[in-house]
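Residue-level structural notes
Here's the letter readout for the chains.
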Amino acid sequence: TIQKGVAPLDGQSCWACGSCDSKMVMYQYGMFTALCGAAFFLLLVTFFKLPVSTTHAIVGGVVGMTWAAVGFDCLKWKWDLTRIVASWVISPLFSGVVGALMYVVTFYTIMKARRPVRNALVAIPLFFGITTATMVYLILLKSNLTKKSVSSRVRSIS
């Protein structure tokens, strides 16, 4: 997503990968500086014990590098970058809703039950199974080997 989602690599007005007047050397230096800038930012923010996201830092570095090197017009704001930025807002909200639902379910079915230990012993394998199935599904969905075998409708859900 970061490599192909920020700016088109083969666009003539951007990086022009594969052309005679390619700016791929500048792209390589730019990616290196974006990585160094993100690493410095993460180190600085961690030093002050602030919450930080590595993904936000590197995407910001790549966007800044692309803007400085080839211009604002090369950024793919219409779909790819908009999706990335939207995920920064949607992910914490969705996680909060799922966390709240899980808390309510476990509070009433385990903590407030007449036999909380028995209910917890029944629920733990169930929760581990759901978590494992979700992770296996996402790994297989994103894997290059299985991407082609999954329909585009199912792929769009993730």
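The written sequence of each chain sets the order in which its residues are numbered from 1. Totals for whole chains, interfaces and linings use all residues, but because this is a predicted model, local features are given only for residues with pLDDT of at least 70 and pairs of side-chain atoms are given and counted only at 80 or more. Values shown for side chains rest on all heavy atoms present in the structure; no hydrogens or waters enter the calculation.

Focus: the environment of Ala68
Put simply, the rule reads: Helix and strand assignments come from DSSP, with helices taken as H or I runs of at least 4 residues and strands as E runs of at least 2, each series counted from the N terminus. Categorising residues by exposure relies on relative accessible area from a 1.4 Å probe, with only protein chains included: less than 20% of the type maximum marks a residue as buried, more than 50% marks it as exposed, and the intermediate range marks it as partly exposed.
Within the fold, Ala68 resides in helix α3 (residues 54-70). Given a relative accessible area of 68%, Ala68 falls into the exposed group.

Brief notes about the nonpolar core
Under the convention used in this document: Put simply, a nonpolar core is a bunch of buried Ala, Val, Leu, Ile, Met, Phe, Trp, Tyr and Cys residues held in one set by side-chain atoms that sit within 4.5 Å of each other. We call two residues in contact whenever any of their non-hydrogen atoms come within 4.5 Å of each other.
The biggest cluster of nonpolar side chains holds 21 residues, and the ones touching the most others in it are Val6, Trp15, Val62, Val63 and Leu81. At the level of elements, α2 (24-47), α3 and α4 (77-111) are the ones that each hand at least two residues to this core. Looking at this core, the element that brings in the most residues is α3, giving 7 residues. Excluding anything up to four places from it in sequence, Val63 contacts Val6, Leu75 and Leu81.

Thoughts on the packing of α4 against helix α5 (residues 116-142)
Worth spelling out the cut-off: Orientation is described by axes fitted as lines to C-alpha atoms, over the contacting stretch for helices, and by angles from 0 to 180 degrees between their N-to-C directions. Just so you know how the angles are binned, under 35 degrees is roughly parallel, over 145 roughly antiparallel, 65 to 115 roughly perpendicular, and the rest oblique. Ten residue types, Ala, Val, Leu, Ile, Met, Phe, Trp, Tyr, Cys and Pro, are classed as nonpolar, four, Asp, Glu, Lys and Arg, as charged, and the remainder, Gly among them, as polar.
Following both chains from N to C, one finds α4 and α5 inclined at 140°, their axes separated by 9 Å at the closest point. As summarised for this structure, α4 and α5 are arranged oblique, according to the angle between their axes. Judged by residue contacts, Met102, Thr106, Thr109, Ile110 and Met111 of α4 engage Pro116, Asn119, Ala120, Ala123 and Phe127 from α5. When its residues are assigned to classes, the contact of α4 with α5 shows 7 nonpolar, 3 polar and no charged.

Some points on the side chain of Thr66
Positionally, Thr66 belongs in helix α3. Discounting residues that sit within four places of it in the chain, Thr66 has contacts with Val6, Ala7, Trp15, Gly71, Cys74 and Leu75.

So, the side chain of Asn119
To keep it simple, the criterion reads: Pairs of N or O atoms are called polar contacts if they sit within 3.5 Å, as long as, within protein, a hydrogen donor faces a hydrogen acceptor (for residues adjacent in sequence, only side-chain-to-side-chain pairs).
Here Asn119 is to be found in helix α5. Given a relative accessible area of 18%, Asn119 falls into the buried group. From its side chain, Asn119 meets the backbone oxygen of Thr109 in a polar contact 2.7 Å long. Those residues within four positions of Asn119 in sequence are excluded, and the remaining contacts are Thr109, Ile110 and Ala113.

Quick look at the packing of aromatic side chains
Just so we agree on the cut-off: In summary, the pairing rule links any two rings of Phe, Tyr or Trp, Trp by its six-membered ring, whose centres are within 6.5 Å, and it sorts them by plane angle into stacked for under 30 degrees, edge-to-face for over 60 and tilted for everything else.
Counted according to the given criterion, the structure contains 4 aromatic pairs. Residues Phe47 and Phe48 carry aromatic rings whose centres are separated by 5.2 Å and whose planes lie at 80° to one another, so their mutual orientation is edge-to-face. There is no split in this pair, since Phe47 and Phe48 are both exposed. Between Phe107 and Tyr108, the aromatic rings sit 5.1 Å apart at their centres with planes inclined by 85°, giving edge-to-face as the arrangement. Judged by relative accessible area, Phe107 falls into the partly exposed class, the value being 24%. Note on Tyr108: relative accessible area 56%, which makes it exposed. Among the aromatic side chains, those forming a connected cluster through ring pairs are Tyr103, Phe107 and Tyr108.

Note that every value here comes from positions in space, so none of it alone points to a role or purpose.
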